[in-house]
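What the coordinates show
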Amino acid sequence: MTDRPSPGNATFVAARYARGWNTQQQLADAFEHQARELGLRIDVSVRQVRRWESTAPPWPTPDYQSVLEAMFGQSLSALGFVPPYGNGVQSETVHGVRADRHGGWWRAVVDDLPNHLERLVAMESIATGVRSYQTTLIPGVLQTYEYACAAIRATGPSLSDEAVHQRAELRMERQRRFRPTPGHPAWFIIDESALRRSLGNRSVLLDQLAHLLQEASRRPELRIQVLQVDAETAIPQPFVIYQLPEPSRCVVYLEAVGDAMYADSVEIVAGYSIAYESLQAAALPPARSLEFISRRLANLWDPETEVRTSWGGESPATPATADAWRWRPGPPA
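Structure report, in brief.

Another point: the packing of helix α7 (residues 145-155) against helix α8 (residues 161-177). Interhelical geometry of α7 versus α8 gives an angle of 130° and a closest axis separation of 9 Å. Looking at the two axes, α7 sits oblique to α8. The element α7 and its partner α8 pack so that their crossing is right-handed. Only D161, V164, H165, R167, A168, E169, R171 and M172 of α8 make contact with α7, whose side of the interface consists of Y145, A148, C149, A151, I152 and R153.

Okay, structure coming up:
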């Protein structure tokens, strides 16, 4: 009898046998059962199990990760998986940010929130500081309700109208709860393209830009910088660096369509921190950024066009309000 080739991910295979799942199909069946117990409507095929047992197993998405770790009682790294961004991805720091540990208040707003978004809201709820870089959209905690609805529809075209409005309401509640700790300003670098992209219709963008100016003028802890299209530095992928409370730790959040990744290893956080510093240097200073947004708002405003908005029937995007932020306390340059 010829010897069977040894499995690629021997650690994972050994863990499967140790729990009595002698075939890949048995593990797939157990996975589906565990997912249902966690309230997740996901399953796995034998083909996927085979990939997990290969020489180079792919790093599971957050929902699959939650199920696997609940099944085996071990982290993915202990099961032979290698994080795509280094050993700091999805560490215990990230896993410790759970809904049940931080109130899960969002469950009263949204019926069914994906695991990666639930973890994001939990992370945001305890963060003492944030450094955000966005390339195509206005950051979620700075969006108006109408802009949030348009952005959610654009990134989740399969969502029902009810789901879109629930998630938009969640963003509004996130804004109300977003309170960075004094000494840790909330820093937002926004690519110029996001200020020019009309989601929904032009009035949505008008109100959104006016909202940015109003938020910057009334909340001195906010720092907004615009990265112009001709800036010497540009990074194609948006990211957010969250400063967590004691023990002091930073986590990098990387979002994709329908999923997200987290990284908190020293090397990765340091790399993104250096990248953020280069973006800060290349972007317009905060005061000039508000001037840029103000000019953009004034250029969009057409007094001959009637704009129906949620601002009491009259758009705030007027030549006067375009410069109104100058007469209120604003963030330092």
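Once you've had a look at it, read on.
Running from N to C, helix α10 (residues 202-218) and helix α12 (residues 286-300) point in directions that differ by 150°, and their axes come no closer than 10 Å. With respect to each other, α10 and α12 are oriented roughly antiparallel. Here the hand of the crossing between α10 and α12 comes out left-handed. In this structure, α10 contributes R202, L205, L206, L209, A210, L212, L213 and A216 to the contact, and α12 contributes L290, I293, S294, R296, L297 and L300. Split into classes, the residues belonging to the contact of α10 with α12 amount to 11 nonpolar, one polar and two charged.

Attention now goes to the pattern of salt bridges. Under the defined criterion, the tally for this structure stands at 11 salt bridges. One salt bridge in this structure joins R177 and E173, with 2.9 Å as the shortest N-O distance. Placement of the pair is R177 and E173 together in helix α8, with a separation of four residues, close to one helical turn. Among the ionic pairs, R218 bridges to E215, the shortest N-O distance being 2.6 Å. Residue R218 and its partner E215 are both found in helix α10; the two are separated by three residues, about one turn of the helix. One connected set of salt bridges, linked through shared partners, spans E215, R218, R219 and E221.

What follows deals with helix α11 (residues 266-282). When the terminal C-alpha atoms of α11 are compared, their 24 Å separation across 17 residues agrees well with the 24 Å that a helix rising 1.5 Å per residue should span. Every buried residue belonging to α11 is among I268, V269, Y272, S273, A275, Y276 and L279, and all of these are buried. With its buried residues spanning 165° around the axis, α11 presents them on a single face. Opposite the buried face of α11, at more than 90 degrees from it, the exposed residues are V266, E267, I274 and A281.

Here strand β2 (residues 186-191) lies mainly inside the structure; five of its six residues are buried. Pairing of strand β1 (residues 129-134) with β2 involves five bridges; the strand directions are parallel. In the sheet register, S132 faces β2, and the bridge partner there is F188. The pairing of β2 with strand β3 (residues 222-227) spans six bridges and is classified as parallel. Within the sheet, the bridge partner assigned to F188 lies in β3 and is I224.

Parameters and conventions
Residues numbered from 1 in each chain as written. Predicted model: local features only at pLDDT ≥ 70, side-chain atom pairs only at ≥ 80, totals over all residues. Heavy atoms only, no water. Axes fitted to C-alpha atoms, helices over the stretch in contact; angles between N-to-C directions. Helix = DSSP H or I, 4+ residues; strand = E, 2+ residues; numbered from the N terminus. Parallel < 35°, antiparallel > 145°, perpendicular 65-115°, else oblique. Left-handed = near helix turned anticlockwise from the far one by under 90°. Contact = heavy atoms within 4.5 Å. Nonpolar A, V, L, I, M, F, W, Y, C, P; charged D, E, K, R; others polar. Salt bridge = Lys/Arg side-chain N within 4 Å of Asp/Glu carboxyl O. Expected span 1.5 Å × (residues − 1). Buried < 20%, exposed > 50% of the residue type's maximum accessible area, 1.4 Å probe, protein only. Arc of directions from axis to C-beta. Pairing = 2+ DSSP bridges.

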